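Fold and geometry: a report
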Amino acid sequence: MFKHVFLTGPPGVGKTTLVQKVCEALVSSGVGVEGFYTEEVREAGRRVGFDVVTVTGERGHLSRIRDVAGSSHGRREYTVGQYVVDLPSFESLALPLFTNVGSADAGGRKVFVIDEIGKMELFSQSFIRSVRQTLDSSSYTILGTIPIPKGKPLGLVEEVRSRRDVKVFTLSKENRNSILQDILAALRNCLKQTS
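Residues numbered from 1 in each chain as written. Predicted model: local features only at pLDDT ≥ 70, side-chain atom pairs only at ≥ 80, totals over all residues. Heavy atoms only, no water.

Some remarks on the packing of helix 4 (residues 125–136) against helix 5 (residues 155–162)
In a pair of packed helices, the angle between the axes and the distance between the axes together describe the arrangement. It is at 11 Å that the axes of helix 4 and helix 5 come closest, and there the two elements cross at 10°. Relative to helix 5, the element helix 4 lies roughly parallel. Contact residues: helix 4 offers Ile128, Val131, Arg132 and Leu135, while helix 5 offers Leu156, Glu159 and Val160. (Axes fitted to C-alpha atoms, helices over the stretch in contact; angles between N-to-C directions. Helix = DSSP H or I, 4+ residues; strand = E, 2+ residues; numbered from the N terminus. Parallel < 35°, antiparallel > 145°, perpendicular 65-115°, else oblique. Contact = heavy atoms within 4.5 Å.)

See the structure below:
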């Protein structure tokens, strides 16, 4: 039996959009949702980076293109392609969400959103620890996203993908509009076990 649901698929296929739709449906059916999404940031039509946005609407930088990010003032720089990852900003917004997870006093019916477990987020050792703890905690069902395997495998991503208690849905342009109900059914199934 699986207790977590993850979406995977090529970049730009609509994983975050689908996660947001799933969350809207869950909330309107009375399920508590916590966690965060990753959203593109565009300026004048060009993607300049990504923000991390909590389910409650708080927003912080995850990464910016180097010329937008400015200098790093002697801090160690974490980069993915042309993006400079703002680790302090990501951690200060995302990590507190996990500390609340441990105190799940909401009677079990909670979904925790992790969008995504990707290269940028994996620079944070604390994030990796928190994800592992949440996967092993009995009180939460995770709705997460992971990238499709490409190049060097990412440790935690492969760990998630191979867990027996994780159901992975692969999104494509063909199925992304029809798969919503399947994902909701899988999550409701998980929630039945935790409550």
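Section: the environment of Gly14
For Gly14, the position within the fold is in the loop between strand 1 (4–9) and helix 1 (15–28). Considered as a pair, Gly14 and Lys173 are 159 residues apart in the sequence and their alpha carbons are 8.1 Å apart.

Considering the nonpolar core
One broad trend across soluble globular proteins is that nonpolar side chains are buried collectively. In this structure, Phe6, Phe36, Ile114, Ile117, Phe127 and Val131 are the most contacted members of the largest nonpolar core, which totals 33 residues. Looking at this core, the element that brings in the most residues is helix 3 (residues 87–101), giving seven residues. One finds Leu7, Val33, Leu184 and Leu187 within the second-largest nonpolar core, a separate group that totals 25 residues. (Core = buried A, V, L, I, M, F, W, Y, C linked by side-chain atoms within 4.5 Å. Buried < 20%, exposed > 50% of the residue type's maximum accessible area, 1.4 Å probe, protein only.)

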